[in-house]
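# Per-entry structural report
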Amino acid sequence: MNKRIDLIGDIHGHADALERLLQMLGYRRKSGVYSHPQARQAVFVGDFIDRGPRIRETLHIVRDMCDAGHARAVMGNHEFNAICFHTPHTEKGGFFRDHSWKEINQHMATLEQFRHYREEWEGFLEWFRTLPIWIDDANFRVVHACWDPAHIATLSACFTGMDAEFLSRATDHQNAPPEFHAIEELLKGKEEILPDGLSFTDKDGAIRHECRIRWWTSPSERETYGDYLMECPESLRNEGLLPASRNGFSYADDKPVFFGHYWLKGSPKAVSRNAICLDYSVAKGGYLAAYSLDEARLRWVGV
Ligand SMILES: [Mn+2]
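Residues numbered from 1 in each chain as written. Predicted model: local features only at pLDDT ≥ 70, side-chain atom pairs only at ≥ 80, totals over all residues. Heavy atoms only, no water.

## Notes on the overall build of the chain
- A tally of regular secondary structure across the chain gives 10 helices and 16 strands.
- Relative to the 2.2 N^0.38 estimate, which gives 19 Å for 303 residues, the radius of gyration of the chain is 19 Å and therefore close to what a compact globule would have.
- Buried positions account for 53% of the 303 residues belonging to the chain. (Helix = DSSP H or I, 4+ residues; strand = E, 2+ residues; numbered from the N terminus. Rg over C-alpha atoms; globule rule 2.2 N^0.38 Å. Buried < 20%, exposed > 50% of the residue type's maximum accessible area, 1.4 Å probe, protein only.)

## A short note on the domain arrangement of the chain
- Each assigned domain of the chain is listed here: domain 1 (5–147 + 252–302) and domain 2 (191–248).
- Using only C-alpha atoms to locate each centre, domain 1 and domain 2 end up separated by 27 Å.
- Counting the surface lost from both domain 1 and domain 2, the interface buries some 970 Å², and carbon and sulfur atoms represent 64% of this.
- Counting every contact that joins domain 1 to domain 2 gives zero salt bridges. (Domains from an automatic or database assignment. Buried area = accessible area lost by both parts, 1.4 Å probe. Salt bridge = Lys/Arg side-chain N within 4 Å of Asp/Glu carboxyl O.)

## Observations concerning the nonpolar core
- Leu7, Ile8, Phe44, Phe48, Leu59, Met65 and Phe128 are the most contacted members of the largest nonpolar core, which totals 92 residues.
- Per element, the largest residue contribution to this core is six residues, and it comes from helix α2 (residues 55–67).
- Among the domains, domain 1 (5–147 + 252–302) and domain 2 (191–248) are the pair contributing at least three residues each to this core.
- Setting aside residues up to four positions removed in sequence, Phe44 forms contacts with Ile8, Ile11, Leu18, Val62, Met65, Ala71, Arg72, Ala73 and Val74. (Core = buried A, V, L, I, M, F, W, Y, C linked by side-chain atoms within 4.5 Å. Contact = heavy atoms within 4.5 Å.)

## Digging into the coordination of the manganese ion
- With distances of 2.1 to 2.3 Å, the protein atoms coordinating the manganese ion are Asp47 (OD), Asn77 (OD1), His144 (NE2) and His261 (ND1).
- Along the chain, the residues donating to the manganese ion fall in the pattern D-x29-N-x66-H-x116-H. Here the residue Asp47 occupies a position in the loop between β4 (41–44) and α2, and His261 occupies one in the loop between β12 (257–259) and β13 (275–277), the gap between them amounting to 214 residues. When sorted by exposure, Asp47 lands in the same class as His261, which is buried. (Donors = N, O, S within 2.8 Å, 3.2 Å for Na, K, Ca; no water.)

## What about unusual backbone geometry?
- The phi torsion at Asp50 lies on the positive side, around 65 degrees, for a residue other than glycine.
- Checked against the element boundaries, Asp50 lands in the loop between β4 and α2.

## A short note on the packing of aromatic side chains
- Counted according to the given criterion, the structure contains 15 aromatic pairs.
- Between the aromatic rings of Phe259 and Tyr262, the centroid separation amounts to 5.9 Å while the plane-to-plane angle is 85 degrees, which identifies the pairing as edge-to-face.
- Site record: aromatic cluster; members linked through ring pairs are Phe44, Phe48, Phe114, Trp121, Phe124, Trp127 and Phe128.
- A cation sits over an aromatic face here: Arg56 above Tyr117, 3.4 Å from the ring centre.
- It is Lys190 that lies over the ring of Phe249; its NZ or CZ is 4.7 Å from the centre. (Phe/Tyr/Trp six-rings, centres within 6.5 Å; stacked < 30°, edge-to-face > 60°. Lys NZ or Arg CZ within 6 Å of the ring centre and 35° of its normal.)

## Looking at the pattern of salt bridges
- Per the stated rule, a full pass over the model turns up 28 salt bridges.
- Between Arg29 and Glu19 there is a salt bridge, with the nearest N and O atoms lying 3.0 Å from each other. Taken together, the residues Arg29 in strand β2 (residues 28–30) and Glu19 in helix α1 (residues 15–24) connect sequence positions 10 residues apart.
- Under the relative-accessibility criterion, Glu19 is labelled buried at 15%.

Right, here's the structure in full:
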């Protein structure tokens, strides 16, 4: 039972911050691979690629650590999207992820930085396919965006790998089979439709009618819409009480769950007693954060 674990947030190509954080945690580079003199193990919550300036270096550091047994990693939505973007859809033609402006733009930094390293990229794509979607350890859990036991049960029963058959079901938003909902919510989080036709503009400038929920808070803490919704429109924030019918899913287990994905701002802190988000927006001028499990301690570095 190894509790000497350092959980590390979304890197998004910021290899400089990653190296500084690893060094702060006591990891040292030996023969090109980071390891810890006291045999600590790093656990990465996914989203290694896209947006940042040193995506190739990030992938080499993380993968080399994993291959040598000094780290483990789960898949982020950006890795899942990359698999889909680059895998031809054998039934429909095209790819499992559209190649329209929005999808290309989100993946642009990776495409550019690997432009002259095609084979290397293919190797990383193969590695992405082997990443687990979650880790359920004796002392902790890890998932990229949201731990929902029902979705984990669904995938435990049917998932055999990121093959064409699975990708076809997991990306089928029209028929929305259980695999689609499971991947959507485990890797991208849970959302609710805003009341009264309200909308907000997301970080990529898109107008959205669905809002991510703070699934890590307990239902009793959710008094207003602002307590419950991540990007709550100002007009709704303090308006009356959150209706009971809207007070949905909450993570209630004692085993701590670590996740990323939410682009939190400010100094990293535990968002609840049993759920810790490690994404503090390193790709938007924020911090790369780590939580040392045995010390119950958060540390972080800026870009
Ligand atoms: Mn993410």
